[in-house]
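Residues per chain are reported as follows:
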Amino acid sequence: MNKPFHLGLDVGGTNLAAAVIDSRFNILSRASIPAGAGRSIEAITDDMAKVSILAVERAGISMEDVAGWGIGMPSCVNARTNLLVHANCFGWHNVPIYDYLRGKLPLDVKIDNDANCAALGEALAGAARGHENALMLTLGTGVGGGIILDGKIYAGADGMGAELGHSKLVFEGERCTCGQKGCLEAYCSATALQRDAARAGFEGDARAVFDAAKSGNPVAEGLVDRYIAYLAAGLSTFITIFRPEIIILGGGVAAAGDRLFVPLREKMCECTFGAEEIGLPPVIPALLGNDAGLVGAAFLF
Ligand SMILES: [Zn+2]
């Protein structure tokens, strides 16, 4: 039987945020509490249940009308072993996360990577609405990636794929947070732009670099152009493999607007296979912000 309401939980290093969403993607209620990283797995998963129950109570509905408990986590979850592989913010490695969560609510549980959930949320109710094949990058502290194929999250064997931020961009390049070298994240995160800015003697974060580039600061313009060249190279690879109908960019860097999107498109035209013959998919900013992950998590059911 189709249940009318969806419960989503977005687990971050700072907050645990839950929402109840109806079948037309309206958010009916919200609840949020501090994540309390550093506590035991039992204590944090108890709070994950507590905040989710609170969202259901605030919506004024019964658990019996909820389709399932969908959870977005800042980690891959191996779909075969049910192990949460690696959640940096909590210091969790190979945690049997389903064992901790099952039975805390009278609902089935599904967990997916938060970047995958954000891509699904944007595809269902945000910038990629109406598209069955979409790709999303979140350009923030790191680079999150999600792929929607035929309307569903594509995560590959064991749910371990679609790690677009860790695709290889430069052989033997900059050190990445994952321990590898030369990942897209090591060039296209806000952190990477700030690192390159510091090396160039520019003080400020990614936003400040983009703002200064808009006002014609030549150092900032050089930094932004180089950043965009790397991002265009990464996106051209993803287009070559997946040919999504649309590409969504989220996260802090995407807020730079035209100073990012206009030259990015030009660069992508130059460096993408088949761009002249068949054009490029649109590359547009995300619409839902932090709600993308919540909506996607809720619609894992
Ligand atoms: Zn990496």
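Residues numbered from 1 in each chain as written. Predicted model: local features only at pLDDT ≥ 70, side-chain atom pairs only at ≥ 80, totals over all residues. Heavy atoms only, no water.

Caption draft 1: Representation of the overall build of the protein in the model. A tally of regular secondary structure across the protein gives 10 helices and 12 strands. Taken over the C-alpha trace, the protein has a radius of gyration of 20 Å; the compact-globule value for 301 residues is 19 Å, and the two agree within 12%. Overall, the C-alpha framework of the protein stretches about 60 × 40 × 35 Å when taken along its three principal axes. Looking at the protein as a whole, 49% of its 301 residues are labelled buried. (Helix = DSSP H or I, 4+ residues; strand = E, 2+ residues; numbered from the N terminus. Rg over C-alpha atoms; globule rule 2.2 N^0.38 Å. Buried < 20%, exposed > 50% of the residue type's maximum accessible area, 1.4 Å probe, protein only.)

Caption draft 2: Spatial organisation of the domain arrangement of the protein. Splitting the protein by domain gives domain 1 (5–120 + 291–298) and domain 2 (131–285). Taking the mean C-alpha position of each, domain 1 and domain 2 sit 27 Å from one another. Between domain 1 and domain 2, the residue contacts involve 14 residues of the former and 14 residues of the latter. In total, domain 1 and domain 2 occlude about 1100 Å² of area from one another, counting both sides; carbon and sulfur atoms represent 62% of this. It is C76, N116 and A119 in domain 1 that bury the most area against domain 2; as a group they hold 40% of the surface buried on that side. One salt bridge connects D158 with R80, and the closest N-O pair in it is separated by 2.9 Å. (Domains from an automatic or database assignment. Contact = heavy atoms within 4.5 Å. Buried area = accessible area lost by both parts, 1.4 Å probe. Salt bridge = Lys/Arg side-chain N within 4 Å of Asp/Glu carboxyl O.)

Caption draft 3: Spatial organisation of helix α10 (residues 291–298). Burial within α10 is extensive, with 7 of its 8 residues counted as buried. Among the residues making up α10, those that are buried are A292, G293, L294, V295, G296, A297 and A298. Residues of α10 that are buried make contact with β1 (5–11), β2 (15–22), β3 (27–34), β4 (66–73) and α3 (114–125).

Caption draft 4: View of the side chain of R259. Structurally, the position occupied by R259 is in helix α8 (residues 258–271). Every residue in contact with R259, bar those within four places of it in the chain, is listed here: F210, A213, K214, E221, V224, D225 and I228.

Caption draft 5: Inspection of empty space enclosed by the protein at higher detail. If you walk through the whole model with that rule in mind, you get 1 cavity of 30 Å³ or more. Together, Y187, D196, L223, R226, Y227 and Y230 line the largest cavity. It is helix α7 (residues 218–242) that provides the largest number of residues to the lining of the largest cavity, a total of 4 residues. (1 Å grid on protein atoms, 1.4 Å probe; cavity = no way out; pocket = protein on both sides within 12 Å on 5 of 7 lines; lining within 4 Å. Points joined across faces, edges and corners; volume = space filled by probe spheres on them.)

Caption draft 6: Expanded view of the pattern of salt bridges. Going through the model one piece at a time under the given rule, you end up with 15 salt bridges. For R195, the salt bridge goes to E174, with nearest N and O atoms at 3.8 Å. Highlighted residues: R195 in helix α5 (residues 190–199) and E174 in the loop between β10 (152–153) and α4 (185–188), separated in sequence by 21 residues. A relative accessible area of 21% places R195 in the partly exposed class.

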